[in-house]
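A closer look at the structure
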Amino acid sequence: MRKTLGQPIPVVINPETMSIEGKYATSVACAIGLNIRDHAPVRDIGWGDIDFGIRESIIMRVGQMFGLGDYKNDMVVRRVIDIKCQSLYANWKCDLYKHYKDLKKKKVSDIKSRALYPCNPNDWVFMIENVWETKDWKTKSKRGRHARSCLKFNHTSGSLSFAARAAKFIKENHKKQPFAEHFKETHIRHRLGKDVWINDKAKEAHQEIVRITSDVTNPQTEEHASVEVLGKRSGYLKGYGIRKNTKANAMPSQPIPNPEVVALQEKLANHEKVVANHEKAMADQAKMFQHMLMMVVMKSGIDPACIPGLVSCSGNEEDDTLAGEEDDEVGH
């Protein structure tokens with residue numbers, strides 16, 4: 001394909017869903033994953049903590065095949081790619097750790113010489129000595145196993161995220177897919193039948209989502225149903241442009257506001273303040289000019305009543321001020 005086009009294969013980077021989309025999204029992910037395994041150093045850190053020069057070189061290698069955009073200067077492109085890389089980098093380290101545990105389980109004597117290809121042997125030894133065999137890591141691993149055991153169910157969308165799948169549906173059907181319908185499609189074992197759920201808990205969750213969103217007496221938004229039934233699962237919430245650390249998610253009993261509506265409300269409030277300040281400034285300015293005109297008229301010996309609107313518009317405050325000024329002049 002690359003040779004046929006004579007240029008890198010075009011790739012869609014969606015800034016709204018912060019994901020790589022399109023026909024070649026899976027191929028791009030595979031290419032990035034392979035390059036990470038070949039060239040990224042294996043350490044107990046995140047993708048973003050790796051030296052930028054190394055990260056850039058990995059993306060440039062992939063960019064020779066796929067048109068990923070300007071990773072160095074375009075912050076949106078970099079953010080989207082980094083999100084994917086973080087996931088792939090974590091998966092690679094997870095595979096290495098699984099390999100290490102399998103060797104331990106089999107009681108292999110020389111584990112340090114049995115690195116999983118293509119891991120650098122030095123990185124393999126480093127992770128064993130400085131990470132996996134430490135007390136802190138073992139405690140962390142135990143907590144992770146417990147957390148995973150509490151997970152009720154997973155989706156069947158594979159590598160396609162909730163947000164990316166939702167965006168794909170909108171693009172193909174020109175409308176948003178109802179959340180209950182989307183949840184069912186992503187938690188059904190399609191190869192076994194259209195009504196074969198991955199487990200009973202997923203089926204029960206779907207029934208509860210349908211009940212909440214279709215309740216006529218107390219209707220709830222789909223976003224609220226997601227939080228109430230599934231909890232603050234970031235994968236689902238991102239489909240609505242919501243992050244786990246937002247105030248809306250801190251109070252799941254309340255309907256989650258639309259971010260666009262909130263932004264417009266803030267703009268309207270700011271605009272109203274500007275208008276109010278402008279009107280006050282105009283009123284003060286008019287009052288000042290009226291006062292100056294009254295002074296000029298009276299000093300010229302002209303009867304203010306002869307000037308339409310001048311006397312009726314002037315207040316007692318101006319009259320008192322002018323009277324005081326006249327007394328001062330008489331005194332002098």
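Described in the following lines is the structure provided in the data block. This one's a predicted model, so the numbers in the text were calculated from it and none came from an experiment.

Within the protein chain, the regular secondary structure consists of 15 helices and 4 strands. Each of the 332 residues in the protein chain was classed as buried or not, and the buried ones make up 31%. Looking at the protein chain alone, contacts between residues at least 24 apart form 54% of all its contacts between residues at least 6 apart. Carbon and sulfur atoms make up 54% of the accessible area of the protein chain, which totals about 21,900 Å².

What follows covers a nonpolar patch on the surface. A grouping of Met288, Phe289 and Met292 is seen on the molecular surface, where their side chains present a nonpolar patch of about 310 Å² in accessible area. Relative to the helices and strands, Met288 is located in helix α13 (residues 259–299).

With that settled, the discussion passes to the nonpolar core. The biggest cluster of nonpolar side chains holds 41 residues, and the ones touching the most others in it are Ile36, Phe66, Trp124 and Trp132. Contributing elements (two or more residues each) for this core: α2 (25–39), α3 (52–63), α4 (75–105) and α5 (121–132). With 11 residues, the top contributor of residues to this core is α4. Not counting residues up to four positions away in its chain, the partners in contact with Trp132 are Lys93, Leu96, Tyr97, Tyr100, Trp124, Met127, Trp137 and Lys138. Counting residues in each nonpolar core, the second largest holds 14 residues, with Ala180, Ile198, Ala202 and Ala225 among its members.

Let's shift gears to the side chain of Glu56. With respect to the helices and strands, Glu56 occurs in helix α3. Buried within the structure, Glu56 lacks any salt-bridge partner; Lys72 is the closest side chain of opposite charge, at an N-O distance of 4.7 Å. In this structure, Glu56 is in contact with Tyr71 and Lys72, ignoring residues within four places of it in sequence.

The rules behind the values
Residue positions are counted from 1 within each chain, in the order its sequence is given. Residue-level local features of this predicted model are given only where pLDDT is at least 70; pairs of side-chain atoms are given and counted only at 80 or more, and the full residue set underlies all totals for whole chains, interfaces and linings. Side-chain calculation: all heavy atoms of the structure are included, whereas hydrogens and water are not. Helix and strand labels come from DSSP, where a helix needs a run of H or I of at least four residues and a strand needs a run of E of at least two; each type is numbered from the N terminus. Accessible area is worked out with a 1.4 Å probe on protein chains only. A residue is then buried under 20% of its type maximum, exposed over 50%, and partly exposed in between. In what follows, a contact means two residues having at least one pair of non-hydrogen atoms within 4.5 Å. Note on areas: Shrake-Rupley with a 1.4 Å probe; residue coverage comes only from the protein chains shown. Each patch is assembled from residues with relative accessible area greater than 30% and no salt bridge, linking like charges that lie within 9 Å and nonpolar side chains (Val, Leu, Ile, Met, Phe, Trp, Tyr) that lie within 5 Å. Here, a salt bridge means any side-chain nitrogen of Lys or Arg that lies within 4 Å of a carboxyl oxygen of Asp or Glu. In this description, a nonpolar core means a group of buried Ala, Val, Leu, Ile, Met, Phe, Trp, Tyr and Cys residues linked to one another through side-chain atoms lying within 4.5 Å. Note that His is not counted, nor are the chain ends; the positive residues are Lys and Arg, and the negative ones are Asp and Glu.

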